Amino acid sequence: MNDLELLNEQQKDAVLHTEGPLLILAGAGSGKTRVLTYRIAHLIETCGVNPWNILAITFTNKAAGEMRERVDRLVGFGSESIWVSTFHSACVRILHRYIDRIGYDNRFTIYDTEDQKTVMKNVCGRLQTDTKLFKEQKLLNIISHAKNEYKPPEEFKLDAKGDFWMEKAAEAYVEYQKELEKNNALDFDDLLMKTVELFQSCPDVLEYYQDRFRYVLVDEYQDTNTVQFKFLSLLAEKYKNLCVVGDDDQSIYKFRGANIENILNFEKVFPNARTVKLEQNYRSTQNILDAANSVISHNKGRKEKVLWTDNGPGKPIVCRQFQTGYEEAEYIAGDIRKKMEEKAEHYKDFAVLYRTNAQSRLFEEKFLMANIPYKIVGGVNFYSRKEIKDVLAYLKTIDNGKDDLAVRRIINVPRRGIGSVTLNKVQSYADAQGMSFFEALEDMDTVPGLGKAALKIQPFVHLIHACRLKLSDISVKGLIEEILDQTGYVRDLKAEETEEAEARLGNIDELLNKAAAYEEQAAEPDLRGFLEEVALVADIDSLEDGDNRVLLMTLHSAKGLEFPYVYMAGMEDGIFPSYMSIAAENAVQEIEEERRLCYVGITRAMKELTMTAARARKVRGENQYNNISRFILEVPSDLVGRGTPCNAPAVRPSQKDMAHARAKEAFKAKTFDPQQFKVVKADSLEYKVGDRVSHVKFGKGTVLEIADGGRDYEVKVDFEKVGVKRMFASFARLKKVESL
DNA sequence: TTTCCTGAATTTTTT
DNA sequence: ATTCAGGAAA
């Protein structure tokens, strides 16, 4: 049911203005998602718009998932035919249908960052580029930037005339793009670029989608780049029903080509655009808002906004500085524990935000020790783990033998005794014949100079052929199992008997689950559909509602989310704002972007905000000493709680307190996951002092001490890698490796 | 020829 | 800390 009475005047305005372009300037927490979802519901229920004609676009999968859920709840029947997706996945869907119109094969594959780097390495090798002077990553950044500006190689080349650096980059761009085309692959930026190209060169396709998506809604509009803007304006050209929501203060993707002009020029491109401002904040307390306002006010050249709230002042902001990052993490773990006990909140009400993914490690360790269920969002992509990429490369090869990168990745995985010399011979043969790498492999008998190596290649080619034959009558999950079985991949891992192999096996299991889940959920599940889904999703599981865990993530991925209790960790100059931005040529702008990021972080908090810093922390193995972040100093001191000054010495909870808290928690937290938290004191332990044991996280170690703690045994172990740890036996789940 | 081992280099943020 | 390139052993 769509109850407009729940909206304020401005929100209602935005919902009811259904025809024509609409720009919603929405401050943080002003209920923009609510406006978007209500607007969709209103379009369908009141205006009789067919759900099929609505496209809602977001930036991240997480945001898309959230929006999807809310739309489903509000709209109910028919909501599944609304497209709610990210720019990239919308483009993939379009391209899979029509990219043959601009000379690609519809069975293209998508290259991730790692693949891009591999391609660029090849290109640099071929062009004899000195990669000391022109770093691959640097070149890729330039290319990405060009693509975000919708500049194809030819045009880029013209622009580069006269500039030695840019001419070199242009050369790389041309070659890089050729290589992608040869492999029938697109990189992330191509997805947008090729879609726009498709629209511009095939008016009939464009018109089809214009008619299809008569109503387009865009979230986080301030982060759109030039191609995305082109994409949107082309789509909306015919009916002009484009509704965009944005906040210039939350623009944090300039590094990815976000173009703030898109918001400022909206009214120019769409002349009779209506603009609505949402300024009432429903999320945070006044203290949190004041802190956010004060920080962001240090930026020049922004649209002044007056955010206000009906919520009371709330708790003061907590700022603390610790000696080390270690203590910082310990404090946060302890504080979450404390709040859980005092207020009986849910774990999912807490979030720890940091600047870089690398910072998650410390928290992971401490949370594991304190038995706080947590989930790390982002970081090392599930799908970029080695074993997963291997399996996916097999799938890609089976689906589309044109992807040389995938074929080359797995030709010798697991070991088939095929080395680089053989590969080079095959590659030159393929190049000479103008065929793909896999086709050359199929032709192995005619490849000159292969000799015995051909015999090693044969089983691989057979395997792929056999799988292709089975394709039509086997599930994706079955296919993966077949591959794992035939190649002995799982067998080899099991034989390794290391922690690492164990983890890899676990990941493979997760992939199998994912495949099974895909087949259940998809209308017409097939291999390509699976690969497509997997290519654009970083994390294996989106957040489920019942998933009661503390979230750990970067400030970037926190955008669009909200939590009652937010911890911003690592608030140090050099970390946040990052060293890169401070040292940059255009430091002023770079730091302003960081400050917006800080603004985003602060405004995630609903009830309480804690900012922490460490005097010293390990960065890349070395100790780094940092000052308190300038952003903390920009928070007015009267908002910061007394008794918790920034330079307060770290209060380290004693071991006994921690142990006590843990035991208590274990008793209380049964509702979360009885399996995990049930404390059953074993009659005796399978290991004794002096035994070698292994722990899931810490690896192998020696038992130093076992103390009977009443409810449970407390075990002290000296781990090889991480040193002495104390833990409860039932939590640690140590396995005996060998006896004394 | 392939594999294994050692020393060097390297990291913001996301799709 | 972890990955990557280059050289020596098998």
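Residues numbered from 1 in each chain as written. Chains lettered and ligands numbered in written order. Predicted model: local features only at pLDDT ≥ 70, side-chain atom pairs only at ≥ 80, totals over all residues. Heavy atoms only, no water.

S.K.: Just to check I follow, could you spell out the overall build of chain A for this structure?
M.R.: Assigned secondary structure in chain A consists of 32 helices and 22 strands. Counting only residues that meet the buried cut, chain A has 55% of its 740 residues in that class. When contacts within chain A are restricted to residue pairs at least 6 apart in sequence, long-range pairs at least 24 apart make up 75% of them. Of the roughly 33200 Å² that chain A leaves accessible, carbon and sulfur atoms contribute 51%. (Helix = DSSP H or I, 4+ residues; strand = E, 2+ residues; numbered from the N terminus. Buried < 20%, exposed > 50% of the residue type's maximum accessible area, 1.4 Å probe, protein only. Contact = heavy atoms within 4.5 Å. Areas by Shrake-Rupley, 256 points an atom, 1.4 Å probe, with all protein chains shown as cover.)

S.K.: Please explain unusual backbone geometry as it appears in this structure.
M.R.: For residues other than glycine, phi is negative in most cases, and the peptide bonds are mostly trans. For the peptide bond that leads from Phe576 to Pro577, omega is 5 degrees, which places it in the cis range. Tracing the sequence through the fold places Pro577 in the loop between strand 15 (563-568) and helix 27 (579-583). A positive phi angle, close to 60 degrees, is found at Tyr150, a residue other than glycine. If you trace the backbone, Tyr150 turns up in the loop between helix 6 (136-148) and helix 7 (153-160). Unlike most non-glycine residues, Lys240 shows phi in positive territory, near 60 degrees.

S.K.: What am I meant to see in the packing of aromatic side chains here?
M.R.: Remark: the centre distance and the inter-plane angle together describe each pair of aromatic rings, the angle taken between the planes. Under the defined criterion, the tally for this structure stands at 22 aromatic pairs. With centroids separated by 5.8 Å and ring planes inclined at 10 degrees, the aromatic side chains of Phe199 and Phe231 adopt a geometry described as stacked. Of this pair, Phe199 sits in helix 9 (residues 188-201) while Phe231 sits in helix 11 (residues 226-236), and the two are 32 residues apart along the sequence. Taking relative accessible area as the criterion, Phe231 reaches 0% and is therefore assigned buried. Consider the rings of Phe367 and Tyr374, whose centres lie 6.1 Å apart with planes at 70 degrees: the pair is edge-to-face. Phe367 gets classed as buried once you look at its relative accessible area, which sits at 0%. (Phe/Tyr/Trp six-rings, centres within 6.5 Å; stacked < 30°, edge-to-face > 60°.)

S.K.: Help me understand helix 9 in this model?
M.R.: The periodicity of an α-helix, 3.6 residues per turn, causes residues three or four places apart in sequence to face the same way. The end-to-end C-alpha distance of helix 9 is 20 Å, a good match for the 20 Å that 14 residues give at a rise of 1.5 Å each. With 10 of 14 residues buried, helix 9 is to be regarded as a mostly interior element. For helix 9, the full list of buried residues reads Asp189, Asp190, Leu191, Leu192, Met193, Lys194, Thr195, Val196, Leu198 and Phe199. Capping the start of helix 9 is the job of one residue whose side-chain oxygen sits 3.1 Å from the backbone nitrogen of Asp189: Asp187. (Expected span 1.5 Å × (residues − 1). Polar contact = N/O pair within 3.5 Å; in protein donor to acceptor, adjacent residues only side chain to side chain.)

S.K.: Sorry if this is basic, but what is going on with the environment of Ala26 here?
M.R.: Mapped onto the elements, Ala26 comes out in strand 1 (residues 22-26). Sequence separation between Ala26 and Glu279 is 253 residues; the distance between their C-alpha atoms is 6.6 Å. Beyond its immediate sequence surroundings of up to four residues, Ala26 is in contact with Lys32, Val245, Gly246, Asp247 and Leu278.

S.K.: What's the story with the pairing of strand 15 in this structure? I'm lost.
M.R.: Each regular strand carries side chains that alternate between the two faces of the sheet. Burial runs high along strand 15: six of the six residues are buried. In this sheet, strand 15 lies alongside strand 12 (residues 350-354) in parallel orientation, the contact comprising four bridges. Counterpart to Val352 in the pairing with strand 15 is Tyr567. As paired elements, strand 15 and strand 16 (residues 605-619) share five bridges and run parallel to each other. (Pairing = 2+ DSSP bridges.)

S.K.: How should I be thinking about the packing of helix 24 (residues 499-521) against helix 25 (residues 527-535) in this particular structure?
M.R.: Packed helix pairs are characterised by how far apart their axes lie and by the angle those axes make with each other. Contact geometry of helix 24 with helix 25 gives a least axis separation of 11 Å together with a crossing angle of 115 degrees. In this structure, helix 24 crosses over helix 25, and the sense of that crossing is right-handed. Residues Leu511, Lys514, Ala515, Tyr518 and Gln521 of helix 24 form the contact with helix 25, whose own contacting residues are Gly529, Phe530 and Glu533. Taken together, the residues of the contact of helix 24 with helix 25 break down into four nonpolar, two polar and two charged. (Axes fitted to C-alpha atoms, helices over the stretch in contact; angles between N-to-C directions. Left-handed = near helix turned anticlockwise from the far one by under 90°. Nonpolar A, V, L, I, M, F, W, Y, C, P; charged D, E, K, R; others polar.)

S.K.: Any chance you could explain the sheet that holds strand 1 here in plain terms?
M.R.: The strands making up a sheet associate through hydrogen bonds between their backbones, and the pairing can be parallel or antiparallel. What the six strands build is an open sheet, ordered 3-2-6-7-1-8; its pairing is parallel. Because the sheet does not close on itself, it has two edges, and the strands there are strand 3 (83-86) and strand 8 (274-278). Each adjacent strand pair in this sheet contributes to an overall mean axis angle of 15 degrees, direction not counted. Inspection of the sheet shows strand 6 (residues 215-218) paired to strand 7 (residues 242-246) by three bridges, in the parallel sense. Each bridged residue has a counterpart across the sheet, and for Val218 the counterpart in strand 7 is Val244.

S.K.: What is the right way to read the confidence of the model for chain A from this model?
M.R.: Low-confidence regions, as indicated by low pLDDT, have predicted coordinates that should not be scrutinised in detail. The pLDDT averaged across chain A works out to 83; a share of 88% of its residues lies at or above 70. The least confident element of chain A, judged by mean pLDDT, is helix 31 (residues 674-677) at 26; the most confident is helix 10 (residues 203-212) at 96. (pLDDT = per-residue confidence, 0-100.)

S.K.: Explain the protein's contact with DNA strand B here, please?
M.R.: Taken together, 30 residues sit near DNA strand B, with Arg256, Arg355, Gly419, Thr422 and Thr554 positioned nearest. Counted by atom, the contact set of DNA strand B within 4 Å of the protein is 61% sugar and phosphate. One of the side-chain nitrogen or oxygen atoms of His88 is found 3.4 Å away from a base oxygen of DNA strand B. It is helix 19 (residues 420-433) that contributes the most residues to the surface near DNA strand B, four residues altogether. (Near = heavy atom within 4 Å.)

S.K.: Help me understand the packing of helix 14 (residues 286-296) against helix 28 (residues 587-602), please; the structure alone is not making it clear to me.
M.R.: At a minimum axis distance of 9 Å, the contact between helix 14 and helix 28 shows a crossing angle of 175 degrees. The angle between the axes of helix 14 and helix 28 places the two elements in the roughly antiparallel class. Across from Ile288, Ala291, Ala292, Val295 and Ile296 in helix 14, the residues of helix 28 making contact are Arg595, Arg596, Cys598, Tyr599 and Ile602. (Parallel < 35°, antiparallel > 145°, perpendicular 65-115°, else oblique.)

S.K.: I would appreciate a short explanation of the nonpolar core in the present structure.
M.R.: Nonpolar side chains in soluble globular proteins generally cluster together in the buried interior. Ranked by size, the top nonpolar core spans 69 residues in total, and within it Met120, Leu191, Phe199, Phe231 and Leu242 carry the most contacts. Grouped together as the second largest cluster of nonpolar side chains are 53 residues, Phe437, Phe460, Leu512 and Leu527 included. (Core = buried A, V, L, I, M, F, W, Y, C linked by side-chain atoms within 4.5 Å.)

S.K.: Please clarify how the pattern of salt bridges should be interpreted in this entry.
M.R.: Should the charged atoms of two oppositely charged side chains come close, the side chains can pair. Here the structure, examined in full by the defined rule, presents 43 salt bridges. As a salt-bridge pair, Asp115 and Lys389 come within 3.0 Å of each other at their nearest N and O atoms. In this pair, Asp115 is assigned in helix 5 (residues 113-127) and Lys389 in helix 17 (residues 386-399), connecting sequence segments 274 residues apart. Accessibility classification places Asp115 together with Lys389 in one group, the buried group. Across the pair Asp249 and Arg302 runs a salt bridge whose closest N-O atoms are separated by 2.8 Å. Highlighted residues: Asp249 in the loop between strand 7 and helix 12 (261-264) and Arg302 in the loop between helix 14 and strand 10 (308-309), separated in sequence by 53 residues. Here Asp249 falls in the buried class, since its relative accessible area comes to 2%. Exposure remark for Arg302: the relative accessible area of 19% places this residue in the buried category. One network of salt bridges, in which partners are shared, links Asp112, Glu114, Asp115, Lys386, Lys389, Asp390 and Arg409. (Salt bridge = Lys/Arg side-chain N within 4 Å of Asp/Glu carboxyl O.)

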